[in-house]
Amino acid sequence: MDLPLTGLYAGAHINALGDGDNSLIDYQLTVGWESEIRLGVEAGYKSLSLDLDDVDDTQADVDIDGAFAGLFFHF
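Residues numbered from 1 in each chain as written. Predicted model: local features only at pLDDT ≥ 70, side-chain atom pairs only at ≥ 80, totals over all residues. Heavy atoms only, no water.

So what exactly am I meant to see when it comes to the side chain of Thr30 here?
Structurally, Thr30 can be placed in strand S2 (residues 22–34). On the basis of relative accessibility, which here comes to 10%, the residue Thr30 falls in the buried class. Looking at Thr30, its side chain comes within polar contact range of the side chain of Gln28, at 3.2 Å. Excluding residues that lie within four positions of it along the chain, Thr30 makes contacts with Tyr9, Ala10, Gly11, Glu42, Ala43, Gly44 and Phe68. (Helix = DSSP H or I, 4+ residues; strand = E, 2+ residues; numbered from the N terminus. Buried < 20%, exposed > 50% of the residue type's maximum accessible area, 1.4 Å probe, protein only. Polar contact = N/O pair within 3.5 Å; in protein donor to acceptor, adjacent residues only side chain to side chain. Contact = heavy atoms within 4.5 Å.)

What is the right way to look at the environment of Gln28 in this model?
Locating Gln28 in the fold gives a position in strand S2. Put simply, Gln28 and Leu8 are 20 residues apart on the chain and 17 Å apart in space, counted from C-alpha to C-alpha. Not counting chain neighbours up to four residues away, the residues in contact with Gln28 comprise Gly11, Ala12, His13, Tyr45, Lys46 and Phe68.

Looking at this model, I keep getting lost on the packing of aromatic side chains. Mind explaining?
A ring pair, where both rings are aromatic, is described by two values, the distance of the centres and the angle of the planes. Under the defined criterion, the tally for this structure stands at two aromatic pairs. Pairing Phe73 with Phe75 gives two aromatic rings, centres 6.0 Å apart and planes at 15 degrees, and the pair type is stacked. For Phe73, a relative accessible area of 44% gives the class partly exposed. (Phe/Tyr/Trp six-rings, centres within 6.5 Å; stacked < 30°, edge-to-face > 60°.)

Where do I start with a nonpolar patch on the surface in this structure?
A surface patch of nonpolar side chains, about 410 Å² in accessible area, is lined by Leu17, Leu24, Leu48, Val62 and Ile64. Here Ile64 shows up in strand S4 (residues 58–73). (Patch = residues over 30% accessible without salt bridge, like charges linked within 9 Å, V, L, I, M, F, W, Y side chains within 5 Å. Areas by Shrake-Rupley, 256 points an atom, 1.4 Å probe, with all protein chains shown as cover. Salt bridge = Lys/Arg side-chain N within 4 Å of Asp/Glu carboxyl O.)

Would you mind showing me how to read the pattern of salt bridges here?
Close approach of charged atoms allows side chains with opposite charge to pair. Within this structure, the stated rule accounts for one salt bridge. A salt bridge links Asp26 to Lys46, with the shortest nitrogen-to-oxygen separation between them at 2.9 Å. Of this pair, Asp26 sits in strand S2 while Lys46 sits in strand S3 (residues 39–55), placing them 20 residues apart in sequence. Its relative accessible area of 18% is what places Asp26 among the buried residues. Residue class for Lys46 comes out partly exposed when judged on its relative accessible area of 34%.

What should I look at first to understand the pairing of S2 in this one?
Looking along a regular strand, one sees side chains alternate from face to face of the sheet. The sheet contact formed by strand S1 (residues 8–19) and S2 spans twelve bridges and is antiparallel. The residue of S2 that forms the bridge with Ala16 is Ile25. The hairpin turn running from S1 into S2, its antiparallel successor, is two residues long, and Gly20 in that turn takes a positive phi close to 65 degrees. (Pairing = 2+ DSSP bridges.)

Here's what the structure looks like:
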């Protein structure tokens, strides 16, 4: 979502999949700013959670999450 006349934006991406006791949840929250010369900065938080319970004798419980930041240039 662009905020008018500021160069600021915010966004969210959410993906989820579930089947019984098995689940995958992936989300990202982002805020950023882009200048008139298309140079910008972005920061946010990303999380990935995978829970597999007895799929072909395989079990997994994985959680990865953390903050991120970056610079970019649109051309």
